[in-house]
Amino acid sequence: MNEEFMVEAIRLSTDKMKSGEGGPFGAVIVRNNTIVAMGWNRVTSTNDPTAHAEIVAIREACRILETFWLGDCELYVNCEPCPMCLAALYWAGIRTVYFGATRHDAAAIGFADNYIFDELIKPVDSRNLKMEQLLREKALVAFEIWDKMEDKVEY
């Protein structure tokens, strides 16, 4: 743990928000005690609801390191990751996340993190997002092909 990396994440969250690039979130990805990539919220400036600080930083780190696996990296972020970012961190293999504010702090200023966390634990048919399964057998064909591929890159 290095407080200087958290200070940088906090600086990004404030500076980039003030410059109109997005919400108050900043993230730094560190490998071997060196910053590999930085990200800040760009949702409103790019019209991309997935452009959260953590996602932007993950994409940049993967591009720079030429890999989709960040298992030897740490993330410093000024706020506890939302469900989307949390899932992305698992997919990227990041093992340690240092965060400042909590999701409850984010909810207190109008961010939907708690709402989404609550939705995810509901059964599919009880969520506010309507979900309906369709053509499962046809959809499974791609999985059957993948399962038999010998030259696939697993992730």
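To be clear, the structure that these remarks concern was listed above.
So, here's what we can say about the structure. (Residues numbered from 1 in each chain as written. Predicted model: local features only at pLDDT ≥ 70, side-chain atom pairs only at ≥ 80, totals over all residues. Heavy atoms only, no water.)

**Focus: unusual backbone geometry**
The backbone of Asn33 sits at a positive phi, close to 65 degrees, despite the residue not being glycine. Secondary-structure assignment places Asn33 in the loop between strand E1 (26-31) and strand E2 (34-40). Located in the positive-phi region is Asn47, a residue other than glycine, with phi close to 55 degrees. With respect to the helices, strands and loops of the structure, Asn47 is situated in the loop between helix H2 (43-46) and helix H3 (53-65). With a relative accessible area of 71%, Asn47 lands in the exposed category. (Helix = DSSP H or I, 4+ residues; strand = E, 2+ residues; numbered from the N terminus. Buried < 20%, exposed > 50% of the residue type's maximum accessible area, 1.4 Å probe, protein only.)

**Considerations on the packing of aromatic side chains**
Evaluation of the coordinates by the stated rule reveals six aromatic pairs. A centroid spacing of 4.9 Å and a plane angle of 85 degrees characterise the contact between Phe25 and Phe111, whose relative ring orientation is edge-to-face. With a gap of 86 residues between them, Phe25 in the loop between helix H1 (3-18) and E1 and Phe111 in the loop between helix H5 (103-108) and helix H6 (113-120) connect regions that are remote in the sequence. Measuring from centroid to centroid gives 6.4 Å for Trp91 and Tyr155, while their planes differ by 50 degrees, and the two rings are tilted. Of this pair, Trp91 sits in helix H4 (residues 83-92) while Tyr155 is found in the segment after helix H7 (136-148), placing the two residues 64 residues apart along the sequence. According to the relative accessible area criterion, Trp91 is exposed, its value standing at 62%. When its relative accessible area of 72% is taken as the criterion, Tyr155 is described as exposed. Above the ring of Trp40, the side-chain terminus of Lys16 is found at 4.2 Å from the ring centroid. Stacked on the ring of Phe117, the Lys or Arg Arg103 has its end atom at 4.0 Å from the ring centre. (Phe/Tyr/Trp six-rings, centres within 6.5 Å; stacked < 30°, edge-to-face > 60°. Lys NZ or Arg CZ within 6 Å of the ring centre and 35° of its normal.)

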